[in-house]
Amino acid sequence: MSLVRTFLDKFWDPDLWLPPNVTWADIEPNDKIAYADHRHLIVPLPMALLMLALRFVFERYWFAPLGISLGIKNTKPKKAPPNAVLERAYLSKGKIKHKQSVTSDCWWYYMISLAFYWSLAVSQFFDVKRKDFWQMFVHHIATISLMAFSWICNLHRIGTLVLVTHDCADIFLESAKMAKYANYQRVCDSLFVIFTVLWIITRLGLFPMWIIYSTAIEAPKIVAMFPAYYFFNFLLILLLCLHLFWTYVIVKIAYKSLAAGQMEGDIRSSSSDEVSDESGSHPPTSPPASPNSLHHRSNSKTASDHQ
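By convention here, each chain's residues receive numbers from 1 onward along its written sequence. The predicted nature of this model means local features are confined to residues of pLDDT at least 70 and side-chain atom pairs, given and counted, to a pLDDT of 80 or more, with totals for whole chains, interfaces and linings taken over all residues. Hydrogens are left out, water is left out, and the side-chain values use all remaining heavy atoms of the structure.

Describing the environment of Gln135
Phase 1: For the purposes of this entry, the term helix denotes a DSSP run of H or I that reaches at least four residues, the term strand denotes a run of E that reaches at least two, and both are numbered from the N terminus. Looking at the secondary structure, you find Gln135 in helix α6 (residues 133-152).
Phase 2: For Gln135, a relative accessible area of 25% puts it in the partly exposed group.
Phase 3: Through-space distance from the C-alpha of Gln135 to that of Leu242 is 7.1 Å; in sequence the pair is 107 residues apart.
Phase 4: Should any heavy atoms of two residues lie within 4.5 Å, those residues are considered in contact. If near-sequence neighbours (up to four positions away) are discounted, Gln135 is found in contact with Leu242, Phe245 and Trp246. For the exposure calls, accessible area comes from a 1.4 Å probe over protein chains only, and a residue counts as buried if that area is under 20% of its type's maximum, exposed if over 50%, partly exposed in between.

Details of the pattern of salt bridges
Proximity of charged atoms lets side chains of opposite charge pair with each other.
Phase 1: One speaks of a salt bridge when a side-chain nitrogen belonging to Lys or Arg is within 4 Å of a carboxyl oxygen belonging to Asp or Glu. Using the criterion set out here, one finds five salt bridges in the structure.
Phase 2: A salt bridge links Arg55 to Asp127; its shortest N-O distance comes to 2.9 Å.
Phase 3: Between Glu174 and Lys177 there is a salt bridge, with its nearest N and O atoms 2.9 Å apart. You can see Glu174 and its partner Lys177 sitting in helix α7 (residues 156-181), three residues apart, about one turn around the helix.
Phase 4: Using a relative accessible area of 5% as the deciding quantity, one classes Lys177 as buried.
Phase 5: Connected via shared salt-bridge partners are Arg55, Glu59 and Asp127.

Topic: the packing of aromatic side chains
Phase 1: Only Phe, Tyr and Trp rings take part, Trp by its six-membered ring, and two of them pair if their centres are within 6.5 Å. Stacked means planes under 30 degrees apart, edge-to-face means over 60, and tilted covers everything else. A complete count under the given rule lists 25 aromatic pairs for this structure.
Phase 2: Seen from their ring centres, Trp17 and Phe149 are 4.7 Å apart, and the 15 degrees between their planes marks the pair as stacked. Accessibility classification places Trp17 together with Phe149 in one group, the buried group.
Phase 3: Ring geometry for Phe58 and Phe63: centres 6.0 Å apart, planes at 65 degrees, overall edge-to-face.
Phase 4: According to the relative accessible area criterion, Phe58 is partly exposed, its value standing at 33%.
Phase 5: Judged by relative accessible area, which is 43%, Phe63 ranks as partly exposed.
Phase 6: Within the aromatic cluster, the residues linked to one another by ring pairs are Phe7, Phe11, Trp12, Trp17, Trp24, Phe149, Phe231 and Phe232.

Have a look at this one:
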């Protein structure tokens, strides 16, 4: 027990996580300032379980019947047949301001977002395995780590900015996916254009040039640096690298869509283990649409993605 206590004391050393001359006692919630309470980080865990349960109920008893009524085929993925040549080729290549109270809206935003990312980190292992599975997994872990440690260190203000910049584009992405599934091609095309513009502005513009610039360049001029500062910035830059990867994929899809005259393809298709039934997953349009569906999760929530 003493070894555990010693380890925890070393891990949560204020010299590691907090600015100089600041202790954990200084940011304890009190009658005057409602600092972030680290004990609240347990709240998103049951909320994540509730989200998973709601997702199961909605998908099975609401979304699935609604999709079928719109003409979307309810087909299940099937296993790809084994291919010894491809297996050998794959194996030969290798695997690839400080005194700030927490407002109620900020508290709920953090708790719900953290619960959402916990649920994604769990459900990812039960969903169809996509080609960017590990990129998404790293994104979720980085986002959860950023949110949890920023909450503990009372850095929730910058955390909410990261969440907002990651969330706004996702609304149009999910709408475009639903339009694609329902075969509303023109609506899908329009929403995808809005999503792409917002993605580039927020994740390649505001996120690095405003948020990362503030935390990496401007913050040292205001607050003395401490070890956790480098940890937080590393995770933010990691999210930016994931954004660059997904931007390349999005632009590639957009270019092919312009050439074809409509939004086609699945940004996250080419499942490594499973493939969709291409015989009738989506009704054909003119010109014929790809059998794959538009599907891409960003995240952010910060994230970052999100994401």
